[in-house]
Structures are given as structure tokens and as C-alpha cells.
Amino acid sequence: MSKYLDNQPTPSEIREKMEGYTSWLEIDLDSITHNLHEIRGRVGVEVMAVVKNNAYGHGLLPVAAHLSENGVSWFMVAKTQEAKAIRDAGIPGHVVNMDAVFTESQFNAIVKKGIIQVVYTEDVAKRLSAAASRAGREAKVFVKVDTGLRRVGVDHSEAADLIERVAALPGVTVKSIFSTFMQNPEQDGAMLKRLLEVDGELRDRGIDIEFRSMASSDAVFHNPEGWLDMVRPGMSLYGVFPEAKDVASGLDLRQALALKARIEHVKWVEKGDSVTYWGRFIAPRRMRVGTLHVGFYDGVPREMANKGRIKVGSEYRGSLGSVSLNHYLLDLTSMEASPGDVAEVIGREGENSLVKMAEASGWMVYSLMNHLNPFTPRVYLREGKPVALLDLSQERLL
Ligand SMILES: Cc1ncc(COP(=O)(O)O)c(C=O)c1O
């Protein structure tokens, strides 16, 4: 076990805290392990886990620690503070940072903490080299090549020259050249060819790159040629098919995340009564209405107004009216339910899965996951038992 997962409250301490939570996320670590094995079994190359943005809402450190225990030794983040957090937690493995860096203290910290920086300009590479000299350490880099996405990266036509210069800088080692597919089958083949041409040119100049990488989940699903030496899955690791067509890829994925909330209040409303803001739900009959203490604070999109499917026991119930910052109403007519009972707002499968909520709200499933509030507590399960807790609200606010 890594230090991080070793230093957790006991299952009964976690359960006791959960009794008082009104909204929380449950992350099934076994599902993440399962998805990792599925991906590894398919690609047979190095897997770099994309844990950027709080591991797509799942919680950075518990997820990274768990993946590390399951043999993942590469992590990718998009914020320097996330790279530092992984290093400071003592989680074994390499961390690749895609954040832009501007200050000398940032360069110093990156080198001192052994973070692998993404570079695509000579200026940034030189500043890293200078930081490496100051610290008497090596700076490892991934060079981002723009093969046609035109977002960031050195243009493929100039990449070999830049990489040759970067590789010659004192204290700098180029570990990888990587790029990002457009995820358009008509363009992706040409993009792959461009990266391989850069690699070929470098080999001709006597520079052997250890990892060539292009594939995120989309290419893991659909584009074996793009797997190269390392794939970089995010969504698939968390068990989500971003698009309906991805299901046919045959990977067996299990969504890891569920959002739970407690019923705060139960009451009867009469036929013709409206509930919540703007009166956009009018009771068609006498109804028993429950109010959950969860809302768009936690990440439930406001576009779920009147569209939610919420599981109570084994039944799905419809949400009623608008979504509030901290409240979400549902129909509890002819059902046993009282304050304190737990409802499942996002389920791991079925009518309230992440994908179903994304469809209903018109959000992209990436946006949905990446807007889950980091302050909503997260409980981590193994074999159904709580083994870790991430509760930033306790640490920072109370
Ligand atoms: C460079 C890079 N690689 C891989 C990924 C993972 O993508 P996905 O979640 O679609 O697997 C991302 C996420 O946006 C990324 O920025």
C-alpha cells in the first residue's frame, strides 16, 4: 500500500462520517482496477493514467495512489499543483505536467520535485535546463508535437529541429514525443504519420525517443495503429464511454462513480401546486415530494430541471422542477421514504448513469464529470467497503 492509502480512517470511522453527509460521491476502486486491466489487455503497451482535473472529478490522490498500487507508473496532469500534490503524497510513479509554467519558482519546484514537464518551445526548455543546473538535477521532458490539432505543441515540420536542440541542453532529457488526435477518422491517419515522420527524422539524427504517444480513450477504442509505445486514457479508466459508438469497441468498462444524497424533507403537495423556482413544475395530482440536499453546487446541471431520474431503493423516480444550488426535488408518492434516507442521483449504470445524465442535460459527459465539486466528500470503496475518504470541506473550511 502507498503511504496515502495507508493513512486513512477505518471503515467504521468513514461510515460514521457518511451518516452526517448530505451529498457525497462514492468511487468504486475495483471498477477502476477492472477498467485498467481491460485497457492493458487490449493495448499491451505502457498506460499513462490521465488524472488531470482531480482525476476527472474522482479525486486526485486516492485515485493516483490506487492506480499506483495496481502497477501504473505514469500519471498525466494539467495543473502544476496537481503534479506537486502527487509528488508530495509520496505516490510512486512519474508525473507528466501539461500546465504552462511562467515563474522561476515554478521551474525550480518542477525540477526539485522530479516532475516531468511538457515543453514545445526552446525558451521553456532553456528555463528548465537553467533550473536543472541550479538544482544539480536532471529535468525530464515530454515534447508536445502539433500534428494538426493546432492547439498547443511545436509544429511537426519544425519538431525534429527543436527536439534536437532541446536534447542538447545541459541537464535535459527528452523522454517522449507525443501528440493528440483530432478524433476524426479522416484526419487521424495523417496525424499519426506526421508524428512517426518526426520520430524517423530524429532516429536518423541519432536521437532515440523512448515513448511515442498519441492515443487517448478514443484511439484505445478505435485506432490500434495509434497505440504506439504509450496510451493515455482518461474516460475509459473511469469506466465511461464518451460516445455511443464507443460501446461497440468491445471493451467492458464499469463506471466507477456514483453521486448519493440524503432526503432532507418530505411533504405532500396538492394538485395544482407548483414546486421550486419559476413554477415550472405543477403537481398533476396530490403528490408526496422529497427534497434532497444536493444541487448544482455538487455538479448536478441545472438543465436537469424536470428531467432527472433518481434511484430510491430499487425504483427510479422523476425529479421535480428546477435544480437549486443545494436542493433537488423528487416524486416520492406511494413509496416508503423519510428524511435521512439515501437516494442515488448518479448511478453506476441504468437510467441515472453519467452518460444518461449527460444526454438528458445536453452536457458533454466530460463536462459533467469535470464539474463535480471538489468539496463534495468522496468515499472510496474496495469490495464494497469504504477504505478511503477525501473530505476537503473538513480540512479547509471547518
Ligand atoms: C493530452 C491528453 N491525453 C489524453 C487525454 C485523455 O483523454 P480521454 O479522457 O478522452 O481518454 C487528455 C484529456 O483531455 C489529454 O489532454
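Here the structure is a predicted model, which means the values were calculated and not measured.

Chemist: With reference to specific residues and values, describe the overall build of the protein chain.
Modeler: When helices and strands are counted, the protein chain shows 14 helices and 19 strands. Relative to the globule expectation of 21 Å for 398 residues, the C-alpha radius of gyration of the protein chain, 24 Å, shows essentially globular dimensions. Principal-axis analysis of the C-alpha atoms places the extent of the protein chain at approximately 80 × 45 × 40 Å. Looking at the protein chain as a whole, 46% of its 398 residues are labelled buried. Look at the contacts in the protein chain between residues 6 or more apart in sequence, and 63% of them connect residues 24 or more apart.

Chemist: Could you give an account of the site of the ligand, naming the residues involved and the relevant values?
Modeler: In the region of the ligand, the neighbouring residues are Val50, Thr180, Ser216, Ser217, Asp218, Arg232, Pro233, Gly234, Met235 and Ser236. Residue classes in the shell around the ligand are distributed as three nonpolar, five polar and two charged.

Chemist: Outline the packing of helix 9 (residues 156-167) against helix 10 (residues 185-204), supporting the account with residue identities and numerical values.
Modeler: The N-to-C vectors of helix 9 and helix 10 enclose an angle of 30°; their axes lie 9 Å apart at closest approach. The angle between helix 9 and helix 10 places the two elements in the roughly parallel class. Helix 10 is crossed by helix 9, and the crossing has right-handed handedness. Where helix 9 approaches helix 10, its residues His156, Ala159, Ala160 and Ile163 are matched on the opposing element by Arg194, Leu195, Val198, Glu201 and Leu202. The residue makeup of the contact of helix 9 with helix 10, split by class, is six nonpolar, one polar and two charged.

Chemist: An account of helix 12 (residues 354-361) is needed here, citing residue identities and associated values.
Modeler: Those residues of helix 12 that sit buried are Leu354, Met357 and Ser361. The buried residues of helix 12 occupy one face: seen down the axis, they fall within an arc of 65°. Looking at the buried residues of helix 12, the elements they touch are strand 12 (257-269), strand 17 (342-346) and helix 13 (365-370). Once helix 12 ends, the next one or two residues include glycine 362, with phi positive near 80°.

Chemist: Would you mind going over the pairing of strand 15 (residues 315-320) in detail, with residue names and values included?
Modeler: Sheet analysis places strand 14 (residues 309-312) next to strand 15, joined by four bridges and oriented antiparallel. When the sheet's bridge partners are listed, arginine 309 is paired in strand 15 with glycine 318. Adjacent in sequence and paired antiparallel, strand 14 and strand 15 are bridged by two residues, among which glycine 313 carries a positive phi angle near 60°. Sheet topology places strand 15 next to strand 16 (residues 328-331); two bridges connect them, and they run antiparallel. By the bridge assignment, leucine 320 is partnered in strand 16 with leucine 329.

Chemist: An account of helix 5 (residues 60-69) is needed here, citing residue identities and associated values.
Modeler: Most of helix 5 sits inside the fold, with nine of its ten residues counted as buried. Within helix 5 the residues assigned to the buried category are Leu60, Leu61, Pro62, Val63, Ala64, Ala65, His66, Leu67 and Ser68.

Chemist: A description of the packing of helix 7 (residues 104-112) against helix 8 (residues 122-135) should follow, citing residues and the corresponding values.
Modeler: Two elements in contact, helix 7 and helix 8, have axes whose closest approach is 9 Å; the angle formed by their N-to-C orientations is 60°. One way to sum up the angle between helix 7 and helix 8 is to call them oblique. Note that helix 7 runs across helix 8; the crossing there is right-handed. Here helix 7 contributes Phe107, Asn108, Val111 and Lys112 to the contact with helix 8, which in turn contributes Arg127, Leu128, Ala131, Ala132, Arg134 and Ala135. Of the residues in the contact of helix 7 with helix 8, the class split is six nonpolar, one polar and three charged.

Chemist: How would you explain the environment of glutamate 38 if you had to name every residue and give the values?
Modeler: By the element assignment, glutamate 38 lies in helix 3 (residues 29-43). Exposure remark for glutamate 38: the 20 C-beta atoms within 10 Å place this residue in the buried category. Spatially, the C-alpha atom of glutamate 38 lies 20 Å from that of proline 62, the residues being 24 residues apart in sequence.

Chemist: Tell me about the environment of isoleucine 110, residues and numbers included.
Modeler: On the secondary structure map, isoleucine 110 appears in helix 7. Take isoleucine 110: there are 27 C-beta atoms within 10 Å of it, and that puts it in the buried class. For the pair isoleucine 110 and glutamine 81, spaced 29 residues apart in sequence, the C-alpha to C-alpha distance is 10.0 Å. If we ignore the near neighbours within four places in the chain, the residues touching isoleucine 110 are Thr80, Asn97, Val101, Ile115 and Gln117.

Chemist: Explain the environment of leucine 25 to me, and be specific about the residues and the numbers.
Modeler: Considering the arrangement of structural elements, one finds leucine 25 in strand 1 (residues 23-28). Taking the C-alpha atoms as reference points, leucine 25 and asparagine 373, 348 residues apart in sequence, are found 9.9 Å from one another. Once you skip the residues sitting within four places of it in the chain, leucine 25 turns out to touch Leu257, Ala258, Leu259, Leu372, Thr376 and Arg378.

Chemist: Lay out the domain arrangement of the protein chain with the relevant residues and their values.
Modeler: When its domains are assigned, the protein chain resolves into domain 1 (29-247) and domain 2 (257-376). Distance between the C-alpha centres of domain 1 and domain 2: 38 Å. Across the boundary between the two partners, domain 1 contributes nine residues, which contact nine residues of domain 2. The class makeup of the residues in the side of domain 1 that touches domain 2 is five nonpolar, four polar and no charged.

The rules behind these values
Residues numbered from 1 in each chain as written. Predicted model: local features only at pLDDT ≥ 70, side-chain atom pairs only at ≥ 80, totals over all residues. Helix = DSSP H or I, 4+ residues; strand = E, 2+ residues; numbered from the N terminus. Rg over C-alpha atoms; globule rule 2.2 N^0.38 Å. Buried ≥ 20, exposed ≤ 12 C-beta atoms within 10 Å, placed from the backbone. Contact = placed C-beta atoms within 7 Å. Near = placed C-beta within 6 Å. Nonpolar A, V, L, I, M, F, W, Y, C, P; charged D, E, K, R; others polar. Axes fitted to C-alpha atoms, helices over the stretch in contact; angles between N-to-C directions. Parallel < 35°, antiparallel > 145°, perpendicular 65-115°, else oblique. Left-handed = near helix turned anticlockwise from the far one by under 90°. Arc of directions from axis to C-beta. Pairing = 2+ DSSP bridges. Domains from an automatic or database assignment.

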